[in-house]
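# Structure at a glance
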Amino acid sequence: MPRGVDSETVFGGDGNVEETNKLLLDQNTYMVGFWASSGAKKTLVAQRVFDDDAIRAHFTGGCFWFIVCRDLLVRSLFLDLKMKITGPSKIRGNIPIEDLATQLRNELKDKKNMLVDLDDV
């Protein structure tokens, strides 16, 4: 989760936070995405949602925040996801990306109630 911004003291985005919370607490919602230009406060809204007590209580499988920068490789993202979500495991460094994706999918299939925030995609 981003640090250095106190989401409680920054104004704006309240309607977006409320609508996002409502969507995420709906059992029929699979994914929520924000699409807007740079500087539109997408990360701030996401941080406020992520920090919400009701959201954290709802996602019993855990809440995970990842910053995806331009230079990040898909393999690195998958390894980071696997490490943070499923815990440390021994993974061959040269495992094909398809096998890594399959392993991650298999380990996550029973964790149906998780919040994963991919920021700066």
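Report follows, based on the coordinates. For clarity, every value in this text was computed on a predicted model and none was experimentally measured.

The rules behind the values
Residues numbered from 1 in each chain as written. Predicted model: local features only at pLDDT ≥ 70, side-chain atom pairs only at ≥ 80, totals over all residues. Heavy atoms only, no water. Core = buried A, V, L, I, M, F, W, Y, C linked by side-chain atoms within 4.5 Å. Buried < 20%, exposed > 50% of the residue type's maximum accessible area, 1.4 Å probe, protein only. Helix = DSSP H or I, 4+ residues; strand = E, 2+ residues; numbered from the N terminus. Contact = heavy atoms within 4.5 Å. Phe/Tyr/Trp six-rings, centres within 6.5 Å; stacked < 30°, edge-to-face > 60°. Expected span 1.5 Å × (residues − 1). Arc of directions from axis to C-beta.

## Details of the nonpolar core
If you look at the biggest cluster of nonpolar residues, it comprises eleven residues: V17, L24, V45, A46, V49, F50, I55, F59, C63, W65 and L115. Looking at this core, the elements that each hand over two or more residues are α1 (14-25), α2 (42-51) and β1 (63-67). Residues F66, L77, L81 and M114 belong to the second largest nonpolar core, which totals eight residues.

## Describing the environment of I85
Residue position: I85 is located in helix α4 (residues 74-86). For the pair I85 and V116, spaced 31 residues apart in sequence, the C-alpha separation works out to 9.3 Å. In contact with I85, not counting residues within four places along its chain, are F64, F66, L108, K111, M114 and V116.

## Digging into the packing of aromatic side chains
Across all of its chains, the model carries one aromatic pair by this definition. An angle of 85° between the planes, with centres 5.2 Å apart, marks the rings of F50 and W65 as edge-to-face. A residue pair is termed long-range when its members are at least 10 positions apart, and F50 in helix α2 and W65 in strand β1 qualify at 15 residues. With respect to burial, F50 and W65 carry one shared label: buried.

## Comments concerning α4
The end-to-end C-alpha distance of α4 is 17 Å, a good match for the 18 Å that 13 residues give at a rise of 1.5 Å each. Along α4, the positions that sit buried rather than exposed are L77, L81, K82 and I85. Down the axis of α4, the smallest arc covering the buried residues is 135°, so these residues share one side. Against β1, α5 (97-108) and β2 (115-119) lie the buried residues of α4. Where α4 terminates, the next one or two residues include G87, which has phi positive at roughly 90°.

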